[in-house]
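Tertiary structure, described
Single-letter residue listing:
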Protein chains: 2
Amino acid sequence: MPRYRLTIEYDGTGLVGWQRQPNGLSVQEILETAFERFCGEPVTVWGSGRTDAGVHALAQVAHVDLPRAYPPETIRDAVNFHARPHAVVLLGAAEAAPDFDARRSARLRRYRYRILNRRPPPTLEAGRVWHVGTPLDVAAMHEAAQILVGRHDFTTFRDTLCQAKSPVKTLDRLDVSRRGEEVWIEAEARSFLHHQVRNMAGSLKFVGIHRWSAEDLRAALEARDRRRGGPTAPAEGLYLVEVVY
Amino acid sequence: MPRYRLTIEYDGTGLVGWQRQPNGLSVQEILETAFERFCGEPVTVWGSGRTDAGVHALAQVAHVDLPRAYPPETIRDAVNFHARPHAVVLLGAAEAAPDFDARRSARLRRYRYRILNRRPPPTLEAGRVWHVGTPLDVAAMHEAAQILVGRHDFTTFRDTLCQAKSPVKTLDRLDVSRRGEEVWIEAEARSFLHHQVRNMAGSLKFVGIHRWSAEDLRAALEARDRRRGGPTAPAEGLYLVEVVY
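Along each chain, residue indices are assigned from 1 in the same order as the chain's sequence is written. Chain letters and ligand numbers both follow the written order, the letters beginning at A and the numbers at 1. Per-residue local features of the predicted model are confined to residues with pLDDT of at least 70, and side-chain atom pairs are confined, for both listing and counting, to 80 or more; whole-chain, interface and lining totals are unaffected and use all residues. Based on all heavy atoms of the structure, the side-chain values leave hydrogens and waters out of the count.

Here's the deal with the side chain of His195(A)
Residues and elements named next belong to chain A.
- A helix here means a DSSP run of H or I that spans at least four residues, while a strand means a run of E at least two residues long, and both kinds are numbered starting from the N terminus. One can find His195 in the loop between strand 9 (182–189) and helix 4 (196–208).
- Think of it in three bands: residues with accessible area under 20% of the maximum for their type are buried, residues over 50% are exposed, and the middle band is partly exposed, with areas taken using a 1.4 Å probe on protein chains only. Residue class for His195 comes out buried when judged on its relative accessible area of 18%.
- N or O atoms within 3.5 Å of each other form a polar contact, as long as, within protein, one can give a hydrogen and the other can take it, and as long as residues adjacent in sequence are counted only when both atoms are side-chain atoms. Within the structure, His195 has its side chain in polar contact with the side chain of Asp52 (distance 3.3 Å).
- In this structure the side chain of His195 is engaged in a polar contact, spanning 3.0 Å, whose partner is the side chain of Asp159.
- In what follows, residue pairs with any heavy atoms lying within 4.5 Å of each other are defined as contacts. Non-local contacts of His195, meaning those with residues more than four positions away in its chain, are made with Asp52, Phe157, Asp159 and Thr232.

So, the interface of chain B and chain A
- Each partner contributes residues to the interface: chain B has 22 residues there, and chain A has 22 residues.
- Buried area, as used here, totals the accessible surface that two parts lose on assembly, with accessibility defined by a 1.4 Å probe and the loss added over both. When the two sides are added together, the surface that chain B and chain A hide from each other amounts to roughly 1,700 Å², 61% of it contributed by carbon and sulfur.
- By salt bridge we mean one thing: a side-chain nitrogen of Lys or Arg within 4 Å of a carboxyl oxygen of Asp or Glu. At the surface where chain B touches chain A, the tally comes to four salt bridges.
- Arg119(A) is the partner of Asp77(B) in a salt bridge, and the nearest nitrogen-oxygen pair spans 2.9 Å.
- Joining chain B to chain A, the criterion identifies eight residue pairs in polar contact (both at pLDDT 80 or more).
- Breaking the side of chain B that touches chain A down by element, the ones donating at least two residues are strand 1 (3–10), strand 3 (56–65), helix 2 (72–83) and strand 4 (88–95) of chain B.
- Here the side of chain B that touches chain A is composed, by residue class, of twelve nonpolar, three polar and seven charged. Amino acid classes used here: Ala, Val, Leu, Ile, Met, Phe, Trp, Tyr, Cys and Pro are nonpolar; Asp, Glu, Lys and Arg are charged; the rest, including Gly, are polar.

Notes on the packing of helix 1 (residues 27–39) of chain B against helix 2 of chain B
All names here are of chain B.
- Angles shown run from 0 to 180 degrees and are taken between the N-to-C directions of axes, each axis being a line fitted to C-alpha atoms and, for helices, limited to the stretch in contact. With their axes 8 Å apart at the nearest point, helix 1 and helix 2 run at an angle of 110° to one another. Comparing their axes, helix 2 and helix 1 come out roughly perpendicular. Judged by the sense of rotation from one axis to the other, the crossing of helix 1 with helix 2 is right-handed. Across the interface between the two elements, Ile30, Leu31, Ala34, Phe35, Arg37 and Phe38 of helix 1 pack against Thr74, Ile75, Ala78, Val79, His82 and Ala83 of helix 2.
- Of the residues contributing to the contact of helix 1 with helix 2, the split by class is nine nonpolar, two polar and one charged. To sort the angles, those under 35 degrees are grouped as roughly parallel, those over 145 as roughly antiparallel, those from 65 to 115 as roughly perpendicular, and the leftovers as oblique. It is the rotation of the near helix from the far one that decides the hand of a crossing: anticlockwise by less than a right angle makes it left-handed, clockwise makes it right-handed.

Regarding the packing of aromatic side chains
- What counts as a ring pair is set by centres within 6.5 Å for rings of Phe, Tyr and Trp (its six-membered ring), and what kind of pair is set by the plane angle: stacked under 30 degrees, edge-to-face over 60, tilted for all other angles. On inspection of all chains with the given rule, the structure shows twelve aromatic pairs over all chains.
- Ring geometry for Tyr10(A) versus Trp18(A): centroids 6.4 Å apart, planes at 35°, classification tilted. The two residues Tyr10(A) and Trp18(A) agree in class, both being buried.
- Note on Phe38(B) and Tyr70(B): the rings are 4.5 Å apart at their centroids and 45° apart in plane angle, and the pair reads as tilted. With Phe38(B) in helix 1 and Tyr70(B) in the loop between strand 3 and helix 2, this pair connects stretches of sequence that are 32 residues apart. An identical accessibility class is assigned to Phe38(B) and Tyr70(B); each is buried.
- For Arg211(A), the ring lying beneath its charged end belongs to Phe206(A), and the centroid distance is 4.2 Å. Sitting over a ring, as applied to charges here, requires NZ of Lys or CZ of Arg to be within 6 Å of the ring centre and within 35 degrees of the ring normal.

A few points about the pattern of salt bridges
- On inspection of all chains with the given rule, the structure shows 40 salt bridges over all chains.
- With its nearest N and O atoms 2.4 Å apart, the salt bridge here joins Arg173(B) to Asp175(B).
- You can call Arg173(B) partly exposed: its relative accessible area is 23%.
- The partly exposed category is assigned to Asp175(B), whose relative accessible area is 21%.
- The salt bridge partner of Asp225(B) is Arg227(B), with a shortest N-O separation of 3.2 Å.
- Classification of Asp225(B) by relative accessible area gives partly exposed; the value is 21%.
- Residue class for Arg227(B) comes out exposed when judged on its relative accessible area of 75%.
- Through salt bridges with shared partners, a single ionic network connects Arg110(A), Arg173(A), Asp175(A), Glu188(A) and Glu242(A).

Considering the environment of Ala189(A)
Residue and element names in this part refer to chain A.
- Along the chain, Ala189 turns up in strand 9.
- On the accessibility criterion, Ala189 (1% relative accessible area) is buried.
- For Ala189 and Leu174, which are 15 residues apart along the polypeptide, the C-alpha to C-alpha distance reads 9.2 Å.

Things to note about the relation of the copies chain B and chain A
- For these two chains of identical sequence, chain B goes onto chain A by a turn of 180° and a shift of 0.0 Å along the axis, with RMSD 0.0 Å. What we have between these two chains is a two-fold relation. Taking C-alpha positions as reference, the residue of chain B nearest the rotation axis is Glu125(B), located at 4.8 Å.
- With an isologous cut-off of 70% or more, the 100% of interface residues of chain B that recur at the interface of chain A puts this contact in the isologous class. Here the copies were fitted onto each other by least squares, based on C-alpha atoms from residues at pLDDT of at least 70 in both.

Topic: the environment of Thr13(B)
All names here are of chain B.
- Within the element layout of this structure, Thr13 appears in the loop between strand 1 and helix 1.
- You can call Thr13 partly exposed: its relative accessible area is 47%.
- As a C-alpha pair, Thr13 and Ala144 span 131 residues in sequence and 31 Å in three-dimensional space.
- The residues contacting Thr13, other than those within four sequence positions of it, are Gly54, His56, Gly127 and Arg128.
- At 2.6 Å, the side chain of Thr13 forms a polar contact with the side chain of Asp11.

A word on helix 1 (residues 27–39) of chain A
Residue and element names in this part refer to chain A.
- For helix 1, built from 13 residues, the straight-helix expectation of 18 Å at 1.5 Å per residue is met to within 8% by its first-to-last C-alpha distance of 18 Å.
- By the burial criterion, the buried members of helix 1 are Val27, Gln28, Ile30, Leu31, Glu32, Ala34, Phe35, Phe38 and Cys39.
- Considering only its buried residues, helix 1 is in contact with strand 1 (3–10), strand 2 (45–47), strand 3 (56–65), helix 2 (72–83) and strand 4 (88–95).
- In the stretch just after helix 1, Gly40 is the one whose phi turns positive, near 80°. A helix is expected to span 1.5 Å multiplied by its residue count minus one.

Below you can see the structure in the form of C-alpha cells.
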C-alpha cells in the first residue's frame, strides 16, 4: 500500500469542517468519496488536524494509503475531477515514506485570521473575512499579542469542549499587521487548542477597539478561565495556511 | 438638488450587470432601490459606464442628485444598510460639483482581468477568476499585448452588438504579469468597446498557450473582423478597478 502526502485547498463555507461527521458534508468525506471513485475501493484520508466548520485551508496536509501506485499528477487530477463540484481540491500529491503521518509528523502549523476593517460590509470577500467596522489599533493589537507568545496555559482561549489532554501549549508567533483594508493575525505553533486562534482573534479585537488594554489581555490569560476571554471570532475569517514537517 | 459622487464595490455574480434591465437584477437597480428607501423618493444613479453581467467592480464611480443634502458618511451607511443583503456597497460618497458627470467627466478607466493559471480548479477564488489549467507564457503575452497599445481600429475585439459609434479607440496600457498562481491583464484607456477587455484576454490566452504568435495577434487586429479574434474570456475574471477624473 503506497503512501502519498496530499496538499489540499478548500473553501470551508457550508462544510462541517475537516472531519467526517453524520450531520453534514466534510472535507474528509468529499476527498474519500473522490478517492473511492478513482481507486475503486474505500480509503481513509488522514489530515494533519481538524479544521472547524466554515474554516478554510490554503494548504492542509493529509496522507493516504492507496491500493496501488499511481503517478502523483494522476492522483491529483483524478481526485480533483471526482471531487467536483465541491470547493475542495488537491494542489498536489507526492510519494511519502511509509512512516509519514500527516498529524504526528507535523512540526509547525500556520494559521491566518483575516479581518476586513472598514465601514462598508464585504462584497467580493464575503465569507472570506470577519467584518469589523470600527477602526482597529493594529499597533496595540500586535504589541498585546506578544503577551500570548511563548509557553502558557491557554485555558482562557480554549473551547470548553476541547479534548486536548493539556491546556499548555507553546505559541511561536502571533503577528498582527495591516494589509490595505484588512488586518491579518498570523499564528504559528506546533499545535493549537480547539478554537484557540479564533478566541485569541476575538480578544485581540477587544484590544484593537480599546475595550481592553494589553494588561487586560494578560489578566485574561492568567485567569485560565474561558469566561474571562473575548468572544470567538467567526470561522469564515480563518485559514490553515501551512503545515511544516 | 445636491450632487454626490459615489464609489461602488460589487460582486457581479448573479447580476445582469450595471444597467437596469427587465430580465434580472442590476447594480443600478439595487442602488436606486436602496436610495429610495433612504430618501423616500426615487432617484437615478448614473454610472461611469456599464459593466457586463457577472463583471465585478472594486471602484465603480457614479453620480446621483438627491432631494436634499446629507453628510456623505450618512449616505454611505444608509445606502449600505438598505442595499443588504446584496453584494453591492458604497465605499464612499462625496459632494460633487453640479457639472460632475460620472460618465462624461471620466478621463481614464482601469480594468483588471484575473486568470488562475494552475492545474487544480479554484476553490476560494471560484467566481473571481478565469481558470486556465495550461501553463501560460506570460512574457510572450505581455510582449504581444504591446501590439494592441495605441490608437487602433479594435473591430476584432469588439462585440458584434457593440453600439459605439466608432471602433477606433486609444489603449493606453495593456500589461500582463504573473502574481503567484495568477496572471493579471491590466488595461487602461479613456474608454473601451463592448467586451473589448474580455476579447483581448481571450486572444492573449491564445498567445500564452502558443497557439498564436505575436504576429498572429497583429494579423487579427489588422483584419478588423471579430471572427478573427480569440474567444471572449468569461465575465467572472473581470474587474473595473478605477475610474480617473
